[in-house]
Amino acid sequence: AQSVAQPEDQVNVAEGNPLTVKCTYSVSGNPYLFWYVQYPNRGLQFLLKYITGDNLVKGSYGFEAEFNKSQTSFHLKKPSALVSDSALYFCAVRGNFNKFYFGSGTKLNVKP
Amino acid sequence: EPEVTQTPSHQVTQMGQEVILRCVPISNHLYFYWYRQILGQKVEFLVSFYNNEISEKSEIFDDQFSVERPDGSNFTLKIRSTKLEDSAMYFCASTRQVPSQETQYFGPGTRLLVL
């Protein structure tokens, strides 16, 4: 069965500092992994995805994610956080028939 | 940039009433999905739809739910007799095709409140 876990309900970081939002996955077969961001009262916006190739994936708004097969992780990172990055972040894995399995979400708070 | 749209943004209804949530997927997309997110919980898959039929549905998607593509642009989710526990944010999503590389594009959601 496909699943993802986001072990942190909330991540707090100061503006300008690097941020990491953690995600681990469990899949049968090759993992197809995604990150989405949700701003208040908005839908899910696609940030980036890993399908194959380089383990470091670059996405929107300066975000990147590192795929680590041995640790079954796909952590979201950004070198320098902005206050405007404050939002809810979801990791997802593609399952059969292209349905997505989402993690429980991590609330990112970036303080000025 | 094309995007998925959903109406209404908010819906309040009485328990037992029927509701229809509407979505307009991205125009050249062929695969459509509904997800829901109960407040404070994760986003859950409900149903996928392709070629005018359901491809897959979750155990949440019982006989009270139905989906339809009534014309070339709309994709609807109907809940026949709403229950309190149907209160959630409902997201529509679409993809152009189903190779594994495809990203799903999500609408802004409809927040449904059942009283």
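Right above here is the structure, for reference.
The residue count restarts for each chain, going from 1 along the sequence in the order it is written. To read the labels, note that chains go from A and ligands from 1, taken in the order they are written. The predicted nature of this model means local features are confined to residues of pLDDT at least 70 and side-chain atom pairs, given and counted, to a pLDDT of 80 or more, with totals for whole chains, interfaces and linings taken over all residues. Note: side-chain values were computed over all heavy atoms of the structure, leaving out hydrogens and water.

Draft legend 1. Looking closely at the overall build of chain A. The numbering of helices and of strands both runs from the N terminus, where a helix is a DSSP run of H or I of at least 4 residues and a strand a run of E of at least 2. Assigned secondary structure in chain A consists of zero helices and 12 strands. By the compact-globule yardstick of 13 Å for 112 residues, chain A fits well, its C-alpha radius of gyration being 13 Å. Projecting the C-alpha coordinates of chain A onto the three principal axes gives extents of approximately 40 × 30 × 20 Å. Only protein chains enter the area calculation, which uses a 1.4 Å probe; residues under 20% of their type maximum are buried, those over 50% are exposed, and those in between are partly exposed. A burial count over chain A gives 49% of its 112 residues as buried. When checking whether two residues touch, look at their non-hydrogen atoms; a contact exists if any pair is within 4.5 Å. Within chain A, contacts between residues separated by at least 24 positions form 54% of all contacts whose residues are at least 6 apart in sequence. The method behind every accessible area is Shrake-Rupley, applied with a 1.4 Å probe, and residues are considered shielded solely by the protein chains displayed. Only carbon and sulfur atoms are counted for the fraction: they give 48% of the accessible area of chain A, which is about 5,300 Å². One way to put it: in chain A the 11 positive side-chain charges average out to a point 7 Å from where the 7 negative ones average out. Our radius of gyration is a C-alpha quantity, and the globule rule it is checked against amounts to 2.2 Å times the number of residues to the power 0.38. Positive: Lys, Arg. Negative: Asp, Glu. His and the chain ends are not part of the count. Where a charge lies is defined by one atom per residue type: Lys uses NZ, Arg uses CZ, Asp uses CG and Glu uses CD.

Draft legend 2. Here's a closer look at the interface of chain B and chain A. The partner chain A presents 22 residues to the 20 residues of chain B that form the contact. Put simply, buried area is how much 1.4 Å-probe accessible surface two parts lose in total, over both of them, once they are put together. Across the chain B to chain A interface the summed buried area is about 1,900 Å²; carbon plus sulfur atoms make up 54%. As a salt-bridge pair, Lys99(A) and Glu56(B) come within 3.0 Å of each other at their nearest N and O atoms. Identification of polar contacts relies on pairs of N or O atoms within 3.5 Å, with a donor-acceptor requirement for protein atoms, meaning one able to donate a hydrogen and the other able to accept it, and with residues adjacent in sequence counted only if both atoms are side-chain atoms. Connecting chain B to chain A are five residue pairs in polar contact (both at pLDDT 80 or more). No other element matches the three residues that strand β4 (residues 31-37) of chain B contributes to the side of chain B that touches chain A. A side-chain nitrogen of Lys or Arg and a carboxyl oxygen of Asp or Glu constitute a salt bridge if their distance falls within 4 Å.

Draft legend 3. Highlighting the packing of aromatic side chains. All names here are of chain B. Pairing of aromatic rings covers Phe, Tyr and the six-membered ring of Trp, with a centre-to-centre limit of 6.5 Å; geometry is then stacked below 30 degrees between planes, edge-to-face above 60, and tilted otherwise. The full count for this structure, using the stated rule, is 21 aromatic pairs over all chains. Relative to Tyr50, the ring of Tyr31 has its centre 4.1 Å away and its plane inclined at 5°; by these criteria the two rings are stacked. Of this pair, Tyr31 sits in strand β4 while Tyr50 sits in strand β5 (residues 43-50), placing them 19 residues apart in sequence. Arranged with centres 5.2 Å apart and planes meeting at 40°, the rings of Phe49 and Phe75 form a pair that is tilted. With a gap of 26 residues between them, Phe49 in strand β5 and Phe75 in strand β8 (residues 75-79) connect regions that are remote in the sequence. One exposure class covers both Phe49 and Phe75, and it is buried.

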